[in-house]
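So the chains spell out like this:
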Amino acid sequence: MTYQQAGRVAVLKRIAGWIVFIPALISTLISLMGFLEQSREKREGINAVMQDFSHVMIDMIRFNTGFLKSFWENSPVPDFNHGSNVSFWVIYVLIFVGLALQASGARMWRQTRHLREGIEDQLILENARGTEGRTRQQLEEKIVVPRHTIFLQIFPLYILPIAIAVAGYFVLKLLGFIY
């Protein structure tokens, strides 16, 4: 792949990453708010005050985000206490797939930018040689850009989802939403 093609692929990867990431993040957040709303019980003391506060905040968010109505109606509400939440976990993983796509595209974009600058620098040197120097086309033909896969994005694709899920589990356990 030439560096011009790599630049176009990089832009497409970044756009695709944002297109996957944003809806998945919104859906996951709304799913978690639905879980908090659904697991509301009558409790005593400070837990009752915190649950009433979270209920009011979730209702206020739902009221003020009417443009997200399809997310509020269609996002899967997980049941961490009893059920398997396959659709919730698939959407959760899509967050990190989108991040990995965007990171891979950003890396490719940086490489093509450096290649473009390197070609410009080399072209100046080749012009100084006079008639025996190579042309821009000859320089560009020698460059082969390696393909980048999202599976090489170790942190955003493998480590971050597990770390956030474990932290979320402990927070929900601490607040009493998971028993």
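Let me begin by describing the structure that accompanies this report. Keep in mind that what you see is a predicted model, and the values were worked out from it rather than measured. (Residues numbered from 1 in each chain as written. Predicted model: local features only at pLDDT ≥ 70, side-chain atom pairs only at ≥ 80, totals over all residues. Heavy atoms only, no water.)

### Points about the overall build of the protein
Inference 1: Looking only at helices and strands, the protein has 6 helices and 0 strands in total.
Inference 2: Helices and strands appear in the protein in the N-to-C order α-α-α-α-α-α.
Inference 3: What you see for the protein is a C-alpha radius of gyration of 25 Å, clearly larger than the 16 Å of a compact globule of 179 residues, by over 25%.
Inference 4: Buried positions account for 32% of the 179 residues belonging to the protein.
Inference 5: Taking the intrachain contacts of the protein between residues at least 6 apart in sequence as the baseline, contacts between residues at least 24 apart amount to 75%.
Inference 6: For the protein, the exposed area adds up to about 11700 Å²; of that, 66% sits on carbon and sulfur atoms.
Inference 7: For the protein, the separation between the mean place of its 18 positive charges and that of its 14 negative charges on side chains is 4 Å. (Helix = DSSP H or I, 4+ residues; strand = E, 2+ residues; numbered from the N terminus. Rg over C-alpha atoms; globule rule 2.2 N^0.38 Å. Buried < 20%, exposed > 50% of the residue type's maximum accessible area, 1.4 Å probe, protein only. Contact = heavy atoms within 4.5 Å. Areas by Shrake-Rupley, 256 points an atom, 1.4 Å probe, with all protein chains shown as cover. Lys, Arg positive; Asp, Glu negative; His and termini not counted. Charge placed at Lys NZ, Arg CZ, Asp CG, Glu CD.)

### Things to note about the layout of surface pockets
Inference 1: When its volume is computed, the largest pocket comes out at roughly 630 Å³.
Inference 2: In terms of lining residues, the largest pocket is bounded by 29 residues, among which Leu32, Gly168, Tyr169, Val171 and Leu172 are the most central.
Inference 3: Those elements that place two or more of their residues in the lining of the largest pocket are α1 (3–38), α2 (46–64), α4 (86–129) and α6 (154–175).
Inference 4: Element by element, the count of residues in the lining of the largest pocket is highest for α6, at 9 residues.
Inference 5: In terms of residue class, the lining of the largest pocket is built from 23 nonpolar, 5 polar and 1 charged. (1 Å grid on protein atoms, 1.4 Å probe; cavity = no way out; pocket = protein on both sides within 12 Å on 5 of 7 lines; lining within 4 Å. Points joined across faces, edges and corners; volume = space filled by probe spheres on them. Nonpolar A, V, L, I, M, F, W, Y, C, P; charged D, E, K, R; others polar.)

### What about the packing of aromatic side chains?
Inference 1: Applying the stated criterion to the full structure yields 9 aromatic pairs.
Inference 2: Residues tryptophan 89 and tyrosine 92 carry aromatic rings whose centres are separated by 5.4 Å and whose planes lie at 90 degrees to one another, so their mutual orientation is edge-to-face. Here tyrosine 92 and tryptophan 89 lie together in helix α4, a separation of 3 residues that amounts to about one turn.
Inference 3: Through a chain of ring-to-ring contacts, three or more aromatic side chains come together here, namely Phe35, Phe80, Phe88, Trp89, Tyr92 and Phe96.
Inference 4: Just above the ring of tryptophan 109 sits the side chain of arginine 116; from NZ or CZ to the centre is 5.9 Å. (Phe/Tyr/Trp six-rings, centres within 6.5 Å; stacked < 30°, edge-to-face > 60°. Lys NZ or Arg CZ within 6 Å of the ring centre and 35° of its normal.)

### Observations regarding the nonpolar core
A general tendency of soluble globular proteins is for nonpolar side chains to be buried together.
Inference 1: Counting residues in each nonpolar core, the largest one holds 7 residues, listed as Tyr3, Ala6, Ala10, Met108, Ile119, Ile143 and Val145.
Inference 2: Elements with a contribution of two residues or more to this core: α1 and α4.
Inference 3: Take this core: its biggest share by element is 3 residues, from α1.
Inference 4: Not counting the four nearest positions on each side in its chain, methionine 108 is found in contact with Met1, Ala6, Val9, Ala10, Lys13 and His148. (Core = buried A, V, L, I, M, F, W, Y, C linked by side-chain atoms within 4.5 Å.)

### A word on the packing of α1 against α4
Inference 1: In the contact formed by α1 and α4, the axes pass within 6 Å of each other and the chain directions differ by 155 degrees. Here α1 is positioned roughly antiparallel relative to α4, judged by the angle of their axes. Relative to α4, α1 is oriented so that their crossing is left-handed.
Inference 2: Split into classes, the residues belonging to the contact of α1 with α4 amount to 24 nonpolar, 10 polar and 3 charged. (Axes fitted to C-alpha atoms, helices over the stretch in contact; angles between N-to-C directions. Parallel < 35°, antiparallel > 145°, perpendicular 65-115°, else oblique. Left-handed = near helix turned anticlockwise from the far one by under 90°.)

### Some words on the side chain of serine 104
Inference 1: By the element assignment, serine 104 lies in helix α4.
Inference 2: For serine 104, the side chain forms a polar contact with the side chain of lysine 13, separated by 2.9 Å.
Inference 3: In this view, serine 104 contacts Lys13, His148, Thr149, Ile150 and Gln153; residues no more than four positions away in its chain are not counted. (Polar contact = N/O pair within 3.5 Å; in protein donor to acceptor, adjacent residues only side chain to side chain.)

### What about a positive patch on the surface?
Inference 1: Side chains of Arg14, Arg107, Arg110, Arg113 and Arg116 sit close together on the surface and give a patch of like positive charge.
Inference 2: Residue contributions to the positive patch peak at 4 residues, all from α4.
Inference 3: Looking at the secondary structure, you find arginine 14 in helix α1. (Patch = residues over 30% accessible without salt bridge, like charges linked within 9 Å, V, L, I, M, F, W, Y side chains within 5 Å. Salt bridge = Lys/Arg side-chain N within 4 Å of Asp/Glu carboxyl O.)

### With respect to the environment of valine 93
Inference 1: Position of valine 93 among the secondary structure elements: in helix α4.
Inference 2: In this structure valine 93 comes out as partly exposed when scored by relative accessible area, which is 42%.
Inference 3: When the C-alpha positions of valine 93 and alanine 24 are compared, they lie 8.4 Å apart, and in sequence the two are 69 residues distant.

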